[in-house]
Amino acid sequence: MNHTPVINTVIKNLVVLTTLIIGLCASLSAEAPNLIENPTFANAADSGLPPGWSAYPGGSGLKGLPEGGLQIHDSSKSKGLGAIQWLPAQAGATYTLSGDFTGEGGLFVYITFTSKIPVKAANTSDVTLEEKRQWFKPVPAGGSPISFSATAPTGTTNLRIWIYSPSSGTTNLVAKNMTLTSNGAGQPSAPSAESASNHAPNSDVSAVLDYSTNGWSEDELSSDWVVSGTAQSTSSYASAGRRQLVIRDTDSKGTVAVAKWLPIKPGQRCSATMLLEGSNGLSAYFRFYRERPVSDADNKAQLLTNKSRWVKGGEEAEITAIAPGDASWVQFELYSPSASTCDLAVSKLSLKRVDDPVAAKAVATGLYDWMNFEGGDFSESANLEGSTRKIVAKSEGPVREGEYSYIAQLSKKRERTEVVGQRSPAYGVARYGWSIFVPEDFDANTMFSIVTQWHDWGTGKEYPQDGGAPTHLYISNGQWRFKLRHQGEGHTTDNHQFMLGSVDEDRGKWVDWVLEINFQAEGDGGWMKLYKDDKLVADYEGTTWYEGKDKGPFFKMGIYKGSNKWQGEEAGAQLLFDAYRMAIGENSTYEQVAPSAYTPRSQG
């Protein structure tokens, strides 16, 4: 048999295949140039840094060599030494970084993806989306350079290359060459003004960060967490040890805090489970922001809502919160305030973000805050104050809507039990709806029981107290009453009182309330309308708030007596609450918050 035609065909195909492979390799080479400016660290003048590179953190051990290369001679275990370069980046692209080092020791090389370039290198963690690092050490003669890859997340506009000798170690290396390539076509284009914003990615960001499994490292604390406070010293500090984060605050006038930033979507549920070991306690916070603030001054402008819980040493605690509308970032913070001290180790911490369809639907309808307890818990509340409270299922007692309500139980010689909602903006229209069930045996004949408050604590400029609580709905001597507290003439406090009728006719049933109010200082067109069971019972025009405020009041509902010497019986100090909603802005509506708009009273 003549095999020549077959052999010729095979040879021909091999030639074609070889040509394709060569072309593909050439194409890949053309599509993956080195993106780093001055990758060989050349042209250093007078032993300074090579062009394209900046010192962070700097020191005398960092310098460019006349023959090329960057020397990193770090002889201190407390300072650290490094160099950085910023480059534009594209979300979704995978970047591969390799480096060639000679000398002794080792160091970390980072790829940090950010939503913008910060004004200062020290503020990089404020705009960081994701970060990946690799330990680099000298490559033996003939060996391949060390390399690693990282993919830019949604929202990325820039990346930072960081060559860093950490403060916990020493090294004496020379970086000879760095190469950064991308799987994209050519160098990424510079980001547009829109893509360079601080908005978090609008994608599925559900995640679990479990530090009880992964443990902690000093470098992780410095790169992934923001450490702050006024008491960072040898006696008050936050530091990372093996599998623990230590927060020690010995200064009762100073503060210590560590915080983690995460992207978030409106309506997502965040939770943190933690175990603290040691003495005293601290506050755990979830704070939600429109955009990630770039400065302390920007923090107030971007902050939407927050939720906190006090966590004691020896307590395994959980805090949950739901991201409000317009939220794109959440900050989790462990904070030792100026009024207290602590010596704690965070031996367990798990952070989660999960989608919550019910919460997402509420946010989509324009609600700013709500508590209908349909999760069977108090996770929708911003905080809990005072003594006993519990969730009541429909099979156990009265429920205004859905399957659950909340019962406030004021124990003998206790003064308060309340759940706390969010603050409104400092000025403008806000609408609130909620429902209260008055049991037949509720003691309505004491001097007063405050059952709903709009508390003005912590809102900016302070005004003299008037001897009573801020704006509130209360029961006194068998009557419903409402007090609107506001600025008087000049720097004074004034109030208006409204009598709303007997409580007795409302026993044994749900009473729906709606407050519509325009929070304004004197002369700025304030007004207030209060509805009971959809009937207008108070109508007022005039001052409703104060000048010089930077935040609005926060909502609370429960029972507050104002004195722990109250001698009432526990059976006579129970009220139930349900169906709380809040909407803000002139375009908000009565129907967004009214309990009857969701469930008619005949079904309550």
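Rules and cut-offs
Residues numbered from 1 in each chain as written. Predicted model: local features only at pLDDT ≥ 70, side-chain atom pairs only at ≥ 80, totals over all residues. Heavy atoms only, no water. Helix = DSSP H or I, 4+ residues; strand = E, 2+ residues; numbered from the N terminus. Buried < 20%, exposed > 50% of the residue type's maximum accessible area, 1.4 Å probe, protein only. Contact = heavy atoms within 4.5 Å. Areas by Shrake-Rupley, 256 points an atom, 1.4 Å probe, with all protein chains shown as cover. Phe/Tyr/Trp six-rings, centres within 6.5 Å; stacked < 30°, edge-to-face > 60°. Polar contact = N/O pair within 3.5 Å; in protein donor to acceptor, adjacent residues only side chain to side chain. Patch = residues over 30% accessible without salt bridge, like charges linked within 9 Å, V, L, I, M, F, W, Y side chains within 5 Å. Salt bridge = Lys/Arg side-chain N within 4 Å of Asp/Glu carboxyl O. Lys, Arg positive; Asp, Glu negative; His and termini not counted. Charge placed at Lys NZ, Arg CZ, Asp CG, Glu CD. Core = buried A, V, L, I, M, F, W, Y, C linked by side-chain atoms within 4.5 Å. Pairing = 2+ DSSP bridges. Axes fitted to C-alpha atoms, helices over the stretch in contact; angles between N-to-C directions.

(A) Structural context of the overall build of the protein chain. Helices and strands together make up the secondary structure of the protein chain, namely six helices and 35 strands. A buried classification covers 51% of the 604 residues belonging to the protein chain. Across the protein chain, contacts joining residues at least 24 apart in sequence account for 74% of those joining residues at least 6 apart. With an accessible surface of roughly 26700 Å², the protein chain has 50% of that area assigned to carbon and sulfur atoms.

(B) The arrangement of the packing of aromatic side chains in detail. Scanning the model with the defined rule gives 31 aromatic pairs in all. Seen in terms of ring centroids, Tyr 285 and Tyr 335 are 6.3 Å apart; in terms of plane orientation they differ by 70 degrees. Their pairing is edge-to-face. Taken together, the positions of Tyr 285 in strand β16 (residues 269-289) and Tyr 335 in strand β19 (residues 329-336) put the pair 50 residues apart, joining distant regions of the chain. For Tyr 285, a relative accessible area of 16% gives the class buried. What makes Tyr 335 partly exposed here is its relative accessible area of 23%.

(C) View of the environment of Val 420. Here Val 420 is to be found in strand β25 (residues 416-423). Between the C-alpha atoms of Val 420 and Ala 382, which are 38 residues apart in sequence, the distance is 5.4 Å. Ignoring anything within four residues of it in the chain, the contact list for Val 420 reads Met 371, Ser 381, Ala 382, Asn 383, Glu 385, Phe 554, Phe 555 and Lys 556.

(D) Spotlight on the side chain of Lys 483. Along the polypeptide, Lys 483 turns up in strand β29 (residues 479-487). Engagement of the side chain of Lys 483 in a polar contact is seen with the side chain of Asp 466, the distance being 2.9 Å. The residues contacting Lys 483, other than those within four sequence positions of it, are Asp 466, Gly 468, Ala 469, Thr 471, His 472, Tyr 474, Asn 495, His 496 and Gln 497.

(E) Summary view of a negative patch on the surface. Taken together, Glu 489, Asp 494, Glu 522 and Asp 524 make up a surface patch of like negative charges. The topology assignment puts Asp 494 in strand β30 (residues 493-502). The exposure class of Asp 494 is partly exposed, given its relative accessible area of 36%.

(F) Main features of the nonpolar core. One finds Tyr 432, Trp 434, Ile 436, Trp 480, Phe 482, Met 528 and Met 557 to be the most contacted residues of the largest nonpolar core, which totals 46 residues. With five residues, strand β31 (residues 510-519) is the largest single contributor of residues to this core. Once residues lying within four places of it in the same chain are set aside, the contact partners of Met 528 are Phe 482, Leu 484, Phe 498, Leu 515, Glu 516, Ile 517, Ala 538, Asp 539, Tyr 540 and Thr 544.

(G) Structural context of the sheet that holds strand β8 (residues 146-151). An order of β2-β3-β10-β5-β8 is seen for the five strands of this open sheet, with the pairing classed as antiparallel. Both edges of this open sheet fall to β2 (62-64) and β8, since each of them pairs with a single strand only. Looking at each pair of strands side by side, their axes are set apart by 30 degrees on average, direction ignored.

(H) How the structure looks around the pairing of strand β6 (residues 107-114). Taken across its eight residues, β6 has eight buried, putting it largely inside the fold. The pairing of β6 with strand β9 (residues 158-165) spans seven bridges and is antiparallel. By the bridge assignment, Tyr 110 is partnered in β9 with Trp 162.

(I) The arrangement of the environment of Pro 553 in detail. Here Pro 553 is to be found in the loop between β33 (535-541) and β34 (554-560). Considering only alpha carbons, one finds Pro 553 and Pro 425, 128 residues apart in sequence, at a separation of 8.0 Å.

(J) Here's a closer look at the pattern of salt bridges. Summed over the entire model, instances satisfying the criterion amount to 27 salt bridges. Two residues, Arg 309 and Glu 315, come together in a salt bridge whose shortest N-O distance is 2.8 Å. For Arg 485, the salt bridge goes to Asp 466, with nearest N and O atoms at 2.9 Å. Of the two residues, Arg 485 is situated in strand β29 and Asp 466 in the loop between β27 (449-455) and β28 (472-476); the sequence distance between them amounts to 19 residues.

(K) Representation of the sheet that holds strand β7 (residues 128-136) in the model. The strand order across the open sheet built from five strands is β1-β4-β9-β6-β7, with neighbouring strands paired in antiparallel fashion. For this open sheet the edge positions go to β1 (54-55) and β7, each flanked by a neighbour on one side alone.

(L) Looking closely at the side chain of Thr 543. Checked against the element boundaries, Thr 543 lands in the loop between β33 and β34. Among all residues touching Thr 543, those that are not within four sequence positions of it are Leu 484, His 486, Gln 487, Gln 520, Ala 521, Glu 522 and Gly 523.

(M) Region of the structure containing unusual backbone geometry. In this structure, Pro 57 follows Tyr 56 across a cis peptide bond, with omega equal to -15 degrees. Checked against the element boundaries, Pro 57 lands in the loop between β1 and β2. Located in the positive-phi region is Phe 41, a residue other than glycine, with phi close to 60 degrees. Judged by its relative accessible area of 0%, Phe 41 falls in the buried class. Although it is not a glycine, Ala 579 adopts a positive phi angle of roughly 60 degrees. Here Ala 579 shows up in strand β35 (residues 574-584).

Any functional reading would require information beyond the geometric quantities listed.
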